[in-house]
Protein chains: 2
Amino acid sequence: MKLLNVKSVDEVKKVINNNFQCIGRTEYLPLWDCLFRVLAEDIFSPETLPPFSRSSVDGYAVKASDTYGASDSLPAFLNFTGEIKMGKSAGKINPGETKYIPTGGMLPQGADAVIMVEYTEKVDKQVYIYNQIAPGENVIKAGDDVKAGELVLPKGTVLKEAELGSLAALGINKVPVYGKPVVGIISTGNELVSFDTEKLENGQIRDINSIILSAMAQKFGAQVILGGIRSDDFNSILSGAQNLLSQVDILLLSGGSSVGTLDFTAQVLRELSDEILVEGIAVKPGKPTILAKKGNKAIWGLPGHPVSCMMIFGYFGEILMDVLKGNREMKIKKTCKGILTRNIPSSAGRTELVRVRVEQAQEGLKVTPVFGKSGLITTLIGTQGFIEIPPFKEGLENGSIVEVVLWN
Amino acid sequence: MKLLNVKSVDEVKKVINNNFQCIGRTEYLPLWDCLFRVLAEDIFSPETLPPFSRSSVDGYAVKASDTYGASDSLPAFLNFTGEIKMGKSAGKINPGETKYIPTGGMLPQGADAVIMVEYTEKVDKQVYIYNQIAPGENVIKAGDDVKAGELVLPKGTVLKEAELGSLAALGINKVPVYGKPVVGIISTGNELVSFDTEKLENGQIRDINSIILSAMAQKFGAQVILGGIRSDDFNSILSGAQNLLSQVDILLLSGGSSVGTLDFTAQVLRELSDEILVEGIAVKPGKPTILAKKGNKAIWGLPGHPVSCMMIFGYFGEILMDVLKGNREMKIKKTCKGILTRNIPSSAGRTELVRVRVEQAQEGLKVTPVFGKSGLITTLIGTQGFIEIPPFKEGLENGSIVEVVLWN
């Protein structure tokens, strides 16, 4: 296959961001089913929070002006009129009166402050106040947190534990979230048989890209439809791809290892799509990658080598998924820093993604690149992340400090 | 409540590692259900991989010695005896013969190397070879990747896409993994009502810790049983906790905001457990945290304030979960570095966990602490992670470079 439209890694990111948009399908789901889903609408508070003024300490609810001038030597005397119970209405106090209030308890009408129990003494029906306090002290006022009608969470927010807790606090227990993008996966190659084939015939290889891509797509928050294996035949790949494309938002075709397969994939993408966006990426591994679009659907032709296939979908797949999911949050790379244990050669003009093992050593984290022919399965495992060597750099030196992008 | 056994953050981590062990329950699951599960047994390869010697290029399969001395000016001539098909047996070649072989194709008997198509020319029934090659060149030998009987993945490995792919390649499609730890959650407090209560009565607050803890437990790979809300009453909390403890590996009791609730929780933990391991942690927020054990079951008394509750379970819960899950992989903190935008005061003698917003700025990432009374819901949201200020430090300065531990 001739690669006619090779783009840099950064260009491919831009192509993804410029050519696709949120899938826009919306579901109303109970909070329990919303972990890591993306809000499809701005959420405004239906209530004021806290709904009533609360004490932030254990003490006595007072009108602050009743304490003015009080000191150790000259306490104020207030009439004790009862105890406020958690979860119950607090009633009221009149000037010169006080009630005991626990942390979180509702402030009674007539009170505007709470004096900590440490500065008081209860003697029969009276409470001696040994300190003066200002209005509002030790009180969380109604609405201090959220006011009814206020924007709480904007559209595009990813719902994590804190966001779910906030919604729950406001009595919102169903929210509109975007649907999960649907990913379809087809592997191509005459030598491939399903991975659950027990006994291989001569020349056969189990298809493992389907399970690798499926696990990654799930990790990125997608729903997966498996399209199985197609033999190296234009019509066979085309009909399988056409059928699956109608059901999905992202179609992944991963080639076998032969050059012929790649050619068929390219032809199928041309036939199926409105436009080929990328035909070759200046990256190693994974150069022979194709990206096409059909409306808002993305079609990838991925390299057949498992390592290349995994690296490319890992690197670009999550970016595309976030666009389709409507995730508007800033993405922060999860990284660690460590000391490189050997030289990594690299060619200028392309990005290199080098998988690495990270180990704890006396002097900090040790980072060791995992080389090996990309067809080998054992080089797939036991890595914690990868180093990205940009195109303008020619390798990295043993002993230098490197940044490792960690797998999720 | 008096905190009688306050420990440092590092001591608590040690207590967790020393007092609990893997739950040990094993399930046999198909690979599809194993993402992020932990292997319960060493996995040895049942097969040799690749099962046959393969070509790593498109070219001609040859006996290397037939090419010795070949050059541009003096090619070797071999008899063309056919094309090897992907997925099919490759047959054999005799000395002086060659077959076309695609990348990934099976090496025929009698061949020990593959010459790239670029160095050859096919003329009728003959192939001209313009270069000499050594035995083994462009060949991945049978067993180069994995030999039958070799250890592929040790017990305690977390199964991610690469590990699942490797198992699939070897024809292993069911593996023994540890069961998911079961987490039981009870919220206590007279003021609490279920979070799906539409209209609050005076003095009532919705229980949000249940949903926060449930989301986190799921994130950490646990199964959740909700035990609902118990009022501030020793017998009520005890009977609820006792009943739930029999069904779970980790029991989480989160107090309401009143001091009384905390006391009941402490009493219940003493009654239920074999041993109180931690009673107070030198950390802010979250000091009034209790950890107890009953056999290999962990019982936590967590602070009632949502922010404290979330920070403590976020910080220690994952460590405990990894112990119970049998995860033997080294944990690497996922962090980013940025510039602090204001001073953070902190007291020596305790660890401070300060939630922060991280934003992209011209000069790099900007890190802004989120303060606010810990009862406020709105301070829960919109943070990307936290800064950990160790006990020997007294605050951090505006403009300094800080490390942010990112939420998952």
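Conventions and cut-offs
- Residues numbered from 1 in each chain as written.
- Chains lettered and ligands numbered in written order.
- Predicted model: local features only at pLDDT ≥ 70, side-chain atom pairs only at ≥ 80, totals over all residues.
- Helix = DSSP H or I, 4+ residues; strand = E, 2+ residues; numbered from the N terminus.
- Rg over C-alpha atoms; globule rule 2.2 N^0.38 Å.
- Buried ≥ 20, exposed ≤ 12 C-beta atoms within 10 Å, placed from the backbone.
- Contact = placed C-beta atoms within 7 Å.
- Least-squares fit on C-alpha atoms with pLDDT ≥ 70 in both.
- Pairing = 2+ DSSP bridges.
- Domains from an automatic or database assignment.
- Nonpolar A, V, L, I, M, F, W, Y, C, P; charged D, E, K, R; others polar.
- Axes fitted to C-alpha atoms, helices over the stretch in contact; angles between N-to-C directions.
- Parallel < 35°, antiparallel > 145°, perpendicular 65-115°, else oblique.
- Left-handed = near helix turned anticlockwise from the far one by under 90°.
- Bend = angle between axes of the 7 residues up to and from the residue.

A. Layout of the overall build of chain A. Across its full length, chain A carries 6 helices and 26 strands. Relative to the compact-globule value of 22 Å for 408 residues, chain A shows a C-alpha radius of gyration of 31 Å, a clear excess of over 25%. For chain A, the spread of C-alpha atoms along the three principal axes comes to 95 × 50 × 40 Å. For chain A, the proportion of its 408 residues judged to be buried stands at 50%. Long-range contacts, defined here as pairs at least 24 residues apart, represent 72% of the contacts in chain A between residues at least 6 apart.

B. Main features of the relation of the copies chain B and chain A. You can overlay chain B on chain A at an RMSD of 0.1 Å; the transform is a turn of 180 degrees with a shift of 0.0 Å along its axis. Seen this way, the second copy is the image of the first under a two-fold rotation axis. Here 100% of the contact residues of chain B are again contact residues in chain A; the copies associate through an equivalent surface.

C. A look at the pairing of strand S21 (residues 297-302) of chain B. Residue and element names in this part refer to chain B. Buried residues dominate S21, accounting for 6 of its 6 residues. Side chains of S21 alternate between two faces, with Lys-297, Ile-299 and Gly-301 and Ala-298, Trp-300 and Leu-302 buried alike. Bridge analysis of strand S17 (residues 250-254) against S21 gives 5 bridges, and the strand direction is parallel. Within S21, the residue paired with Leu-252 across the bridge is Trp-300. Looking at chain direction, strand S20 (residues 290-294) and S21 are connected through 5 bridges and run antiparallel. Of the residues in S21, the one forming a bridge with Lys-293 is Ala-298. Between S20 and S21, which pair antiparallel in sequence order, lie 2 residues; one of them, Gly-295, sits at a positive phi of approximately 60 degrees.

D. Up close: helix H2 (residues 161-169) of chain B. Among the 9 residues of H2(B), 9 are classified as buried, and the element is accordingly described as predominantly covered. For H2(B), every residue scored as buried is listed here: Glu161(B), Ala162(B), Glu163(B), Leu164(B), Gly165(B), Ser166(B), Leu167(B), Ala168(B) and Ala169(B). Buried residues along H2(B) sit in contact with strand S15 (205-206), helix H3 (209-219) and helix H6 (306-325) of chain A together with strand S2 (43-44), strand S11 (151-153) and strand S12 (174-178) of chain B. Phi turns positive one or two residues past the end of H2(B), at Gly171(B), with a value near 80 degrees.

E. Representation of the domain arrangement of chain A. Residues and elements named next belong to chain A. On domain assignment, one finds that chain A holds domain 1 (9-24 + 180-325), domain 2 (26-49 + 149-178), domain 3 (54-140) and domain 4 (335-406). The straight-line distance from the C-alpha centre of domain 1 to that of domain 4 is 26 Å. With 13 residues of domain 1 at the contact, the number on the domain 4 side is 11 residues. Listed by contribution, the elements that provide at least two residues to the side of domain 1 that touches domain 4 are strand S19 (283-284) and H6. Top contributing element to the side of domain 1 that touches domain 4 by residue count: H6, with 6 residues. A breakdown of the residues in the side of domain 1 that touches domain 4 according to their chemical character gives 9 nonpolar, 3 polar and 1 charged.

F. How the structure looks around the packing of H3(A) against H6(A). All names here are of chain A. Remark: H3 packs on H6, axes separated minimally by 10 Å, with the N-to-C direction vectors making an angle of 20 degrees. One way to sum up the angle between H3 and H6 is to call them roughly parallel. Judged by the twist between their axes, the crossing of H3 over H6 is right-handed. For the pair H3 and H6, the contacting residues are Asn-209, Ile-212, Leu-213 and Met-216 in the first and Pro-306, Cys-309, Met-310, Phe-313, Gly-314 and Gly-317 in the second. Among the residues making up the contact of H3 with H6, the classes are represented as 7 nonpolar, 3 polar and no charged.

G. Examining the interface of chain B and chain A more closely. Between chain B and chain A, the contact holds 78 residues from the first and 78 residues from the second. If you list the elements that add at least two residues to the side of chain B that touches chain A, you get H2, helix H3 (209-219), helix H5 (259-272), helix H6 (306-325), strand S22 (335-340) and strand S23 (351-361) of chain B. At 8 residues, H2(B) tops the list of elements feeding residues into the side of chain B that touches chain A. Here the side of chain B that touches chain A is composed, by residue class, of 36 nonpolar, 25 polar and 17 charged.

H. Looking closely at the sheet that holds strand S16 (residues 223-230) of chain B. All names here are of chain B. Within the open sheet, the 6 strands sit side by side as S16-S13-S17-S21-S20-S18. Their pairing is mixed. Each of the sheet's edge strands pairs with one partner strand only, and the pair in question is S16 and strand S18 (275-279). Between one strand axis and the next, the sheet turns through 15 degrees on average, direction left out of account. Alignment of strand S13 (residues 182-188) against S17, held across 5 bridges, turns out to be parallel. Note on S17: the bridge partner recorded for Ser-187 is Ser-254. Packed onto the sheet, H3 meets S13, S16 and S17 and runs at close to 165 degrees relative to S13.

I. Summary view of H6(A). All names here are of chain A. Gly-317 marks the point of greatest bend in H6, at about 35 degrees. Of all 20 residues that make up H6, 18 are buried, and the element is covered over most of its length. One or two residues past the end of H6 sits Gly-326, with phi positive at roughly 80 degrees.

J. Here's a closer look at the environment of Thr383(B). Residues and elements named next belong to chain B. Residue placement: Thr-383 occurs in the loop between strand S24 (364-369) and strand S25 (385-389). Spatially, the C-alpha atoms of Thr-383 and Gly-143 are 49 Å apart, while their sequence positions differ by 240 residues. Those residues in contact with Thr-383 that lie beyond four places of it in its chain are Arg-355, Val-356, Arg-357 and Val-370.

K. Here's a closer look at the sheet that holds strand S7 (residues 113-116) of chain A. Residue and element names in this part refer to chain A. The 6 strands lie next to each other as S7-S4-S6-S5-S9-S8, forming an open sheet whose pairing is mixed. Only two strands of the sheet have a single partner each, and these edge strands are S7 and strand S8 (120-123). Going from strand to strand, the sheet's axes swing by 40 degrees on average, the running direction of each strand aside. Bridge analysis of S8 against strand S9 (residues 126-129) gives 4 bridges, and the strand direction is antiparallel. Bridge pairing in S9 links Thr-120 to Ile-129.

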